[in-house]
Amino acid sequence: MSQTLEITILSAENLLENKKAIKGNTFVTVQCDGSNDEVSTTGLDSEGGSYPTWNEKLVMEVPMHARFVTIDVRYKTRGTSSCSVGVARIPISDFIGGYVHENQLQFLSYRLWDNRVRRNGVVNISAKVKVSQQSSCSNSMSSLVNGVPVTGVPVAGNGSNRIVTGIPAVWLNYQSSL
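Note that the structure is predicted; figures quoted are calculated from it, not measured.

Right, let's get into the overall build of the protein. Across its full length, the protein holds one helix and 14 strands. Looking at the 178 residues of the protein, the share that counts as buried comes to 33%. Of the roughly 12000 Å² that the protein leaves accessible, carbon and sulfur atoms contribute 51%.

So this is what it looks like as structure tokens:
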């Protein structure tokens, strides 16, 4: 079982190699720690130098047991090889769970760390967990309010699509405890 994560790699800032500005040919790879096979890659940015922009959307399946998404900013050297500029390990909890709802777009920035564990720029991304078909309700118990799905109890059994929402409460018989 997995969830679909949509990450848009927007840009990076202040990328250096040996304390010198990078000339260009930068790209980004994104990988989830739960799946070693799936690696998503952006195209090359040859004009941005130390401040590249990609604005590329990458969609990946994230297993339920995954803990991190790794974003690696790289630059192409001569031939077919490439060198890492910096890596950001992002906890899955930043995207999934907590106060973030499914299908909510977030704009995030993360510090990049080079292979000597020194700060080396920032990567800017947007992320959204796509709503799965299994988790979305399509029966009479759900409705849309301002485009947001709401689940509740039907008000009347006469075919009305109005619903009551709230926190379930347990009714206790206080007379028996008196």
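Attention now goes to the pairing of strand 1 (residues 2-13). Counting buried positions along strand 1 gives nine out of twelve residues, so the element sits mostly inside the fold. Pairing of strand 1 with strand 6 (residues 53-63) involves nine bridges; the strand directions are antiparallel. What sits directly across from S11, in strand 6, is T53. Bridge count for strand 1 against strand 10 (residues 119-129) is eight bridges, and the pairing is antiparallel. In the sheet register, A12 faces strand 10, and the bridge partner there is V123.

With respect to the helices, strands and loops of the structure, T26 is situated in strand 4 (residues 26-32). Residues in contact with T26, not counting those within four places in the same chain, are L15, G43, L44, D45, G49, P52, W54, R74 and Y75.

The next subject is unusual backbone geometry. Of note, K19 is a non-glycine position whose phi angle comes to about 65°, a positive value. Along the chain, the position of K19 falls in the loop between strand 2 (16-17) and strand 3 (20-21). Of note in the backbone geometry, N25 takes a positive phi value of approximately 60° without being a glycine. Inspection of the secondary structure assignment puts N25 in the loop between strand 3 and strand 4. Given the relative accessible area of 32%, N25 is considered partly exposed.

Along the chain, S84 turns up in strand 8 (residues 82-91). Residue classification places S84 among the partly exposed positions, given a relative accessible area of 29%. A polar contact is formed between the side chain of S84 and the side chain of D72, at a distance of 2.7 Å.

Here we take up the side chain of T8. Residue position: T8 is located in strand 1. What makes T8 buried here is its relative accessible area of 10%. The residues contacting T8, other than those within four sequence positions of it, are N55, E56, K57, N124, I125 and S126.

With that out of the way, let us pick up the packing of aromatic side chains. If you walk through the whole model with that rule in mind, you get zero aromatic pairs. Sitting above the plane of the F68 ring, R89 keeps its charged end 3.9 Å from the centroid.

Moving on to the nonpolar core. Judged by nonpolar contacts, the single largest core of 30 residues is most densely connected at I9, V30, F95 and I125. Of all elements in the fold, only strand 1, strand 4, strand 6, strand 7 (68-76), strand 8, strand 9 (106-113) and strand 10 reach the threshold of two or more residues within this core. Filtering out sequence-adjacent residues up to four positions away, I125 remains in contact with I7, T8, I9, L10, I71, I90, F95, Q106, F107, L108 and Y110.

With that settled, the discussion passes to the pairing of strand 8. Relative to strand 8, strand 7 runs antiparallel, the two sharing nine bridges. Among the inter-strand pairings, V73 is bridged to a residue of strand 8, identified as G86. Here strand 7 hands over to strand 8 after five residues, with G79 in that stretch at a positive phi of 80°.

About the cut-offs
Residues numbered from 1 in each chain as written. Predicted model: local features only at pLDDT ≥ 70, side-chain atom pairs only at ≥ 80, totals over all residues. Heavy atoms only, no water. Helix = DSSP H or I, 4+ residues; strand = E, 2+ residues; numbered from the N terminus. Buried < 20%, exposed > 50% of the residue type's maximum accessible area, 1.4 Å probe, protein only. Areas by Shrake-Rupley, 256 points an atom, 1.4 Å probe, with all protein chains shown as cover. Pairing = 2+ DSSP bridges. Contact = heavy atoms within 4.5 Å. Polar contact = N/O pair within 3.5 Å; in protein donor to acceptor, adjacent residues only side chain to side chain. Phe/Tyr/Trp six-rings, centres within 6.5 Å; stacked < 30°, edge-to-face > 60°. Lys NZ or Arg CZ within 6 Å of the ring centre and 35° of its normal. Core = buried A, V, L, I, M, F, W, Y, C linked by side-chain atoms within 4.5 Å.

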